[in-house]
Amino acid sequence: MPMAREQIVEKMMEILGEDQVITDEQVLKESSVDRFRRFEELHGVYTQPIPAAVVYVHSTAEVSAVLKFANEHRINVVPRTGHSATEGGLETAVENSLVVDGSRMNQIIQIDTYNMQATCQCGTPLQVLEDRLREQGYTTGHSPQSKPLAQMGGLVATRSIGQFSTLYGGIEEMVVGLEAVFPNGEITRIKNVPRRAAGPDIRHVIIGNEGAICYITEVTVKIFKFMPENIILLGYTLDRMKTGFELLREVMANGYRPSVARLYDPEDGAYHFSHFAGNKCVLIFMAEGPKPLADATGRAIEEIVAQSEECQKVDPKYIQVWFNNLNWDVSKVAEERAEIVETKNIGNTTEISANWGIINDIYEICVERIRNEIPDITLIGGHSSHSYLNGTNMYFVHYYNVVDCKPEEEITKYHLPIKKIIVEETIKAGGSMCHHHGVGKHRTPWIKDEYGSSYYIVETLKKAFDPNGIMNRGTIFPRR
Amino acid sequence: MDILVCFKVVPDLDQLAGSDWFIDSLLRVETGYAKTILNAYDESALEMALRFSESAGQSVNLTALTIGDEKADIYLKTLYALQFAKAVRIENSVEARFSPEAVASVICRYVELYGKQDLLIMGRQSGVGDNAKTPLLAAEMLKWPCITQVTRVEPGEASRLKVTAMVDGGLVQQTVRTPCVLAVGNVPNAYLRVPTLKEKYACGKKEIEVMDLEQFGLQGIFNCFDTGCELQGLALIDRNREGVIVQGATPAEKARALYDAYLKEWLEQL
Amino acid sequence: MKCTAVLNGCSGDFHSQAGEVRGFLDACPEGPTAGNSIIFYSNDSRKQDLIAHSPTSSLKMVKVKRHYPESALEILTTLERDRVADLYLFPGNFFGSEMAVRFAYRMGGSSLVAVNKLELVENQFICYKAVYANYLQGKFLLRKKPFCLSIAKGSAAVQSSTRKNIQEISEVDMAGFAKEGCGEDYQFTEAETGGGLEQAQFILVAGRGVKSKEKAGRLKEVAGVIGAELGVSRPVAMSAWTPLHRLVGVSGAITKPRLCIAAGVSGAAAFFAGIEQSERIIAINTDEGAPLVQAADVAVIDDYEPVLDELVKLLIRDKKR
């Protein structure tokens, strides 16, 4: 017999106190979705089961108590911090879920500039941590577009990546240790050391778990010296994406580590770059770090790109102004909402990764198929924004007019068919269907194809740590 | 009914930080680093024309006109895809920021030579000059009546228009005869719609009509037009104050700090 | 240099037009001397009040059926065909900014809209106005007389004193005159007033950080509780989340409160022009780098909602004491 909604709320108030348990209807509705369903939400339509309550936890002990209770009573828990997820990871897929919000656990516990690491609670906004570090001449090196909104727990839980990843790495390379609570209430801490070889690296059970295995309460990340005075920006226009991928590969394969290495196709670039690039592709690099290193990296990249006759260098000031205006913030999100309601034109993104040998083919076939197969498309394009020694990512950007359908049908008529094309083509070619937004709830149909035979490992993790299946049902692992 | 909508592509000046502003000795300001956008009032004007065209039973012929360089072409292409019958760009790369008289002259010459336009719609003001004069001067030059601060236009009977406009202290609705000039003001929710790729492809081959000022007998107008009003200086407006940042661990703590240290006293002084 | 002010006595904002003209002229002592005022009016019962508030002691009352720009222009051009003034000054409202430009064209003069300052330097006539979306101040030399200017909204300290020494009143009745314009019927609806944003002592302004109509509604409540008038930035008003009359900035109200709380406002220059004359500005913004934070006296870096909620609690607590 599942517990009644009122009882759950009552119990939560007992555990946490009334102030920390929110049952306001509008809050609950907004907490049943994330950005994936924002078209519905903008029209005031909520199709997901409304959670029983949003509960604010203030300490690891409270998280433990809440999880233990939920586990005993088989109540679905959706962990949340900054609420900037894009893939449905925060949707409350089953009745009477509890959204466990860690955004009030927002203390920066220690900034240790000697050992080059910073420890903070899960609800610390990345922007706050970054600003604090910058005051002292340091940086996290992590700068996703959601930086002004996202918080540390969520960033680690979704394997976030930032705009400077080609130098600093994704969040998985930044996290040195963490604290997490498992469904049975067990509090676990992984210590902060430079490296270890004492068995498998268990940080990775936690990083990227998307709230489907445990609740992250504290994170320690590396910090880096911040030397903005040494930054070198380079921008080029070129005709073909294929050339751009080749140049990105040349830079990476020859051992250079620019902080930013991005390649835009003309469709995706038009909004940002048409004032200087016209209808061309745009290739962007940023070199940073200690001056001798930044200078050498910048020079080498210039030499590599110079070998291609296709590339025209542009005034770096264009790139600077664009970069200063790149991030989301609350205001941009709000303005976008008004425009979507009025024009019925909505955009989403799907990010994948693949080795150098196949990335251009994936890019071409996805764009081609979406253009031909999906109705009412107004823009399909993309960019590569994170490069590695063996390959790169592709960030597809897709916009469409929502025509002749109810707000709640937008996903099935447009968004999911687009995702299906990109995911299936990527997996077929041998790439990964998720580069940095996480699986969420809408890429689960392909999770077994993504993992292949190694699905055994990840499935066993889930069964072992969350035997009752109370953690963020329907996320990463498909609902049975 | 033939409608001419005039628009301008402008730099998004809000993209520029304080240090990005540089005024040279000839009073030129480099704004080219900012991305381009449609002037907000003109965007409303374009969408207004499309809505009018949809609701008019009779056939409406829409022409979009801009003066400038090829940066405007992607916008003109978009307008073709949105069913503008004609998209015209009058080539000009000479600074015209403080020459609304010259701009209005060019628009009028276009109307005289090529248009049998019934209606001229454009935004009431545009960057970077912020002159707020072009539609008024166009009306004067054409000797057409002008309605300013327009927020809505609908088809009326017998090729008349029902126009809603803001006036000081209120709103006016009136039925008007054409020809006339409508200067578009603050219109809520007037984002320009977005064409689909199919609509874009369908018009992909349609050429933008690029004209030059010589065709109008107006070559050099932007160099020599005497507006009677000469720019003598430009200076960045400094708006900075102290900007003391209130500290606190939580929003509530910050609010209390703000209240105790400043707000309480300031409110008492009111 | 002699100056003629042209005002619209048909509209409800006459007092602020007159005060604005007075204040503007007072602010430039080296500038023109006010000679004459031309006041359009339609309602006889208001006539004495209009005369009493005239910005100049010499004035001409022009009776019209109602304010209609096409007719007013025609009448003004006829009245002034033997131009006596070199400078015509118009208020900063819709009426003034339209008339200045069209009248200048008909008189063969030069015009500028939204002038915030003028100077006479060695017989040269210099005007200043904001350009580049209010980021820059432009300085212009006017050469073709007559000079026709409209005042930048809010740039003049409004002087509202009634005049006791009216010396010269002439009257013209043009009520029978109707310019064959384009309008056939004319229906005026008085706007819901903004509760006097421009007169308010304490305002709460909200920007793009407001995410929905509901949140805008909540802000209205908060403003009510703390005793502030609510204003919003262009994106909020253009999304129809509040009535348009709450719009603050170059395209809306130019406020001059003693205290302004700006919540979730990034501070684009065109918006900031609407609050920059506040004696004190408190910014609440998530982004420390937002221009408004530097343009404020005090700033709180956070979401505006919990901060305002707490402020409301504190204010209610102190009111009860």
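Scroll up to find the structure.
Cut-offs used in this document
Residues numbered from 1 in each chain as written. Chains lettered and ligands numbered in written order. Predicted model: local features only at pLDDT ≥ 70, side-chain atom pairs only at ≥ 80, totals over all residues. Heavy atoms only, no water. Helix = DSSP H or I, 4+ residues; strand = E, 2+ residues; numbered from the N terminus. Buried < 20%, exposed > 50% of the residue type's maximum accessible area, 1.4 Å probe, protein only. Contact = heavy atoms within 4.5 Å. Areas by Shrake-Rupley, 256 points an atom, 1.4 Å probe, with all protein chains shown as cover. Salt bridge = Lys/Arg side-chain N within 4 Å of Asp/Glu carboxyl O. Buried area = accessible area lost by both parts, 1.4 Å probe. Polar contact = N/O pair within 3.5 Å; in protein donor to acceptor, adjacent residues only side chain to side chain. Nonpolar A, V, L, I, M, F, W, Y, C, P; charged D, E, K, R; others polar. Pairing = 2+ DSSP bridges. Core = buried A, V, L, I, M, F, W, Y, C linked by side-chain atoms within 4.5 Å. 1 Å grid on protein atoms, 1.4 Å probe; cavity = no way out; pocket = protein on both sides within 12 Å on 5 of 7 lines; lining within 4 Å. Points joined across faces, edges and corners; volume = space filled by probe spheres on them. Axes fitted to C-alpha atoms, helices over the stretch in contact; angles between N-to-C directions. Parallel < 35°, antiparallel > 145°, perpendicular 65-115°, else oblique. Left-handed = near helix turned anticlockwise from the far one by under 90°. Phe/Tyr/Trp six-rings, centres within 6.5 Å; stacked < 30°, edge-to-face > 60°. Expected span 1.5 Å × (residues − 1).

Turning our attention to the overall build of chain B. Helices and strands together make up the secondary structure of chain B, namely 7 helices and 13 strands. Out of the 270 residues belonging to chain B, those deemed buried represent 60%. Across chain B, contacts joining residues at least 24 apart in sequence account for 71% of those joining residues at least 6 apart. A total accessible area of about 11,100 Å² is found for chain B, and carbon and sulfur atoms account for 48% of it.

All right, on to the pattern of salt bridges then. The full count for this structure, using the stated rule, is 59 salt bridges over all chains. Residue A:D466 is joined to A:K462 by a salt bridge in which the shortest nitrogen-to-oxygen separation is 2.8 Å. Per residue, the accessibility class of A:D466 equals that of A:K462, and both read buried. Here C:R22 ties to C:D26 by a salt bridge, and the two come within 2.9 Å at their closest N and O atoms. Remark: C:D26 and C:R22 occur in helix α1 (residues 14-26); sequence separation between them is 4 residues, near one turn of the helix. Classification of C:D26 as partly exposed rests on a relative accessible area of 40%. Each of B:E140, C:E70, C:E74, C:E98, C:R102 and C:R106 takes part in salt bridges that share partners, so that together they form one network.

Here the focus is the interface of chain C and chain B. Of the residues lining the interface, 88 residues belong to chain C; the matching set on chain B comes to 80 residues. For the pair chain C and chain B, the two sides together bury roughly 7,700 Å², of which 56% comes from carbon and sulfur. Applying the counting rule to chain C against chain B returns 7 salt bridges. Among the salt bridges present, the one from B:K254 reaches C:D302, with a minimum N-O distance of 2.8 Å. Joining chain C to chain B, the criterion identifies 45 residue pairs in polar contact (both at pLDDT 80 or more). Per-class residue counts for the side of chain C that touches chain B are 47 nonpolar, 17 polar and 24 charged. As defined by bridge partners, strand β12 (residues 229-236) of chain B adjoins strand β7 (residues 136-142) of chain C across 7 bridges and the pair is classed as antiparallel.

For the rest of this paragraph, the subject is the nonpolar core. Of all hydrophobic cores here, the largest spans 93 residues; its most connected members are C:Y132 and C:L149. Among residues more than four places away in sequence, those in contact with C:Y132 are B:L13, B:W21, B:V29, B:T31, B:R97, B:F98, B:V128, B:D130 and B:L234.

The next thing to look at is empty space enclosed by the protein. This model, assessed by the stated rule, comprises 3 cavities of 30 Å³ or more. The volume enclosed by the largest cavity comes to roughly 110 Å³. As for the largest cavity, its lining consists of B:R124, B:A132, B:P135, B:L136, B:T148, B:Q149, B:A183, C:F94, C:S97, C:E98 and C:V113. Secondary-structure elements contributing two or more residues to the lining of the largest cavity are α4 (134-142) and β7 (146-155) of chain B together with α4 (94-107) of chain C. For the lining of the largest cavity, the element with the most residues is α4(C), which contributes 3 residues. A breakdown of the residues in the lining of the largest cavity according to their chemical character gives 6 nonpolar, 3 polar and 2 charged.

This paragraph deals with the packing of helix α3 (residues 100-114) of chain B against α4(B). Residue and element names in this part refer to chain B. As a packed pair, α3 and α4 sit with axes 8 Å apart at the nearest point and diverge in direction by 50 degrees. Between α3 and α4, the crossing angle belongs to the class labelled oblique. Seen along the crossing, α3 lies across α4 with a hand that is right-handed. Of the residues in α4, those touching α3 at P100, E101, V103, A104, S105, I107, C108 and V111 are T134, L137, A138, M141 and L142. The residue makeup of the contact of α3 with α4, split by class, is 10 nonpolar, 2 polar and 1 charged.

In this section: the packing of aromatic side chains. Applying the stated criterion across every chain yields a total of 25 aromatic pairs over all chains. Note on C:Y68 and C:Y186: the rings are 6.0 Å apart at their centroids and 75 degrees apart in plane angle, and the pair reads as edge-to-face. Remark: C:Y186 occurs in strand β10 (residues 183-190) and C:Y68 occurs in the loop between β3 (58-63) and α3 (69-79); sequence separation between them is 118 residues. Of the residues examined, C:Y68 reaches a relative accessible area of 11% and is grouped as buried. We classify C:Y186 as partly exposed; its relative accessible area is 26%. One aromatic cluster in this structure is built from A:F164, A:Y264, A:F273, A:F276, A:Y318, A:W322, A:F323 and B:Y33.

Moving on to helix α9 (residues 304-320) of chain C. With 17 residues, α9(C) extends 24 Å between its outermost C-alpha atoms, agreeing within 8% with the 24 Å of an ideal straight helix rising 1.5 Å per residue. Looking at α9(C), one finds that the buried residues are C:Y304, C:V307, C:L308, C:E310, C:L311, C:V312, C:L314, C:L315 and C:D318.

Between chain A and chain B, the contact holds 25 residues from the first and 24 residues from the second. At the boundary of chain A with chain B, the tally comes to 2 salt bridges. Where chain A meets chain B, there are 9 residue pairs in polar contact (both at pLDDT 80 or more). Elements with a minimum of two residues in the side of chain A that touches chain B: α11 (266-277), α13 (316-324), α14 (330-343) and β17 (377-384) of chain A.

Here we take up the sheet that holds strand β1 (residues 21-22) of chain A. All names here are of chain A. If you trace the 4 strands from one edge of the open sheet to the other, you get β1-β2-β4-β3, paired in mixed fashion. Two strands in the sheet have a free side with no partner beyond their single neighbour: β1 and β3 (77-80). Where strand β2 (residues 53-56) lies against strand β4 (residues 98-101), 4 bridges are found, and the strand directions are parallel. Following the sheet pairing, V54 is matched in β4 by V99.

Residue and element names in this part refer to chain C. Relative orientation of the contacting elements helix α5 (residues 213-226) and α9 amounts to 25 degrees, with a least axis distance of 10 Å. It follows that α5 is roughly parallel to α9 by the angle criterion. Here α5 runs over α9; the crossing is left-handed. Only Y304, E305, L308, D309, V312, L315, I316 and K319 of α9 make contact with α5, whose side of the interface consists of K215, R218, L219, V222, V225 and I226. Classifying every residue of the contact of α5 with α9 by side-chain character gives 9 nonpolar, no polar and 5 charged.

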